[in-house]
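If you want the building blocks of each chain, they are given just below.
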Amino acid sequence: MPLSIQAGLWGLLSGSALVLGAAIAYFVSLPPRVIAAVMAFGSGVLISALSFDLMDEAYRTGGIVSTSAGFLAGAAIYTAANIIVSRRGAKHRKRSGHAPDARQQSADEGGGLAIALGALLDGIPEAIVIGVSLLSGEGVGIVAVAAVFLSNLPEGLSSAAGMRKAGRSPFYIFGIWGGIALASGVAALIGSWAFAGASASVMAGVTALAAGAILAMLADTMIPEAFETAHDFAGLITVAGFLAAFILSRMAGG
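Residues numbered from 1 in each chain as written. Predicted model: local features only at pLDDT ≥ 70, side-chain atom pairs only at ≥ 80, totals over all residues. Heavy atoms only, no water.

J.: Got a minute to help me understand helix α5 (residues 170-194) in this structure?
T.: Each full turn of the α-helix corresponds to 3.6 residues, which orients residues three or four apart in the same direction. Along its 25 residues, α5 runs 35 Å from first to last C-alpha, staying within 8% of the 36 Å computed at 1.5 Å per residue. Burial in α5 covers these residues: Ile173, Ile176, Trp177, Ile180, Ala181, Ser184, Gly185, Ala187, Ala188, Gly191 and Ser192. (Helix = DSSP H or I, 4+ residues; strand = E, 2+ residues; numbered from the N terminus. Expected span 1.5 Å × (residues − 1). Buried < 20%, exposed > 50% of the residue type's maximum accessible area, 1.4 Å probe, protein only.)

Structure, rendered in structure tokens:
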């Protein structure tokens, strides 16, 4: 099977957590603290993955200049795009609580689209990482896939719950998240295909760019929202996620 198709399937798998989260939220009412705990754990896993896998790989293959430039550029691009979608109704797309504030999930026509665009913004760098990871010839980064899956799950949970309360139909809810899951697969496929044969410095820059965008996403959305609900335990759960991913990466690396 071509690497690009493999990448697309892995990206689709990680994106499917959005649909799974939406399904759970639609049929089961989970306590906000449970969602926040998943979000905190996923944050720790992602931090570990971008620290020990993405940035380390980028530095080893492309050096400090390409890595630094890509890392800062990724954070800047994500921040600018996040400001745009947040001002259009997606500011609380990862909110783990169920506050009555209407800003949590906009019920107007633009809110659902903004939330979807925000989720897509969060998922594109993650999917590209999955696609590019296959180009090393060592197989997909299992830690990266697990990290992306765990970061997508609470987003599907919280956003779908808000959409249901806003009166959205099941077709609307699952159509949005199914479409974004599919887009994640396409992004991973394109990432693997577009950068096949790229130079080491380009690969380092792309990997670091994705890492910078992911870290900015964590700082802007996941960690604050997890802390808002989990409070005193958010730090401990995040550390547990980091340690779990670190152990898994060391085991996978022999």
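Having seen the model, we can carry on.
J.: Please explain the nonpolar core as it appears in this structure.
T.: Generally speaking, a soluble globular protein has its nonpolar side chains buried in company with each other. In this structure, Leu46 and Ile214 are the most contacted members of the largest nonpolar core, which totals 24 residues. Listing elements by their share of this core, those giving two or more residues are α2 (32-90), α3 (109-133), α4 (142-165) and α6 (200-230). In contact with Ile214, not counting residues within four places along its chain, are Leu46, Leu50, Leu54, Pro125, Glu126 and Val129. Within the second largest apolar cluster, 15 residues are counted, among which are Ala17, Ala25, Leu157 and Ile176. (Core = buried A, V, L, I, M, F, W, Y, C linked by side-chain atoms within 4.5 Å. Contact = heavy atoms within 4.5 Å.)

J.: Quick question: what am I supposed to make of the UniProt feature "transmembrane region" (unreviewed entry) in the protein here?
T.: Here, the residues flagged by UniProt with the feature "transmembrane region" (unreviewed entry) are residues 7-28, 34-52, 64-85, 127-150, 171-196, 202-221 and 233-252. Across residues 34-52 one finds 100% helix and 0% strand; the C-alpha atoms that close the span lie 27 Å apart. This span, residues 64-85, is 100% helix and 0% strand, and a straight line between its end C-alpha atoms measures 32 Å. (UniProt positions renumbered as here; feature names shortened; annotations may be inferred.)

J.: So what exactly am I meant to see when it comes to the layout of surface pockets here?
T.: Take a probe with the size of a water molecule and roll it over the atoms, and the empty space left behind shows itself. In this structure, the second largest pocket spans a volume of roughly 190 Å³. Lining the second largest pocket are 13 residues; nearest its centre among them are Ile77, Ile124, Pro125, Leu209 and Ala213. Taken together, the residues of the lining of the second largest pocket break down into twelve nonpolar, one polar and no charged. (1 Å grid on protein atoms, 1.4 Å probe; cavity = no way out; pocket = protein on both sides within 12 Å on 5 of 7 lines; lining within 4 Å. Points joined across faces, edges and corners; volume = space filled by probe spheres on them. Nonpolar A, V, L, I, M, F, W, Y, C, P; charged D, E, K, R; others polar.)

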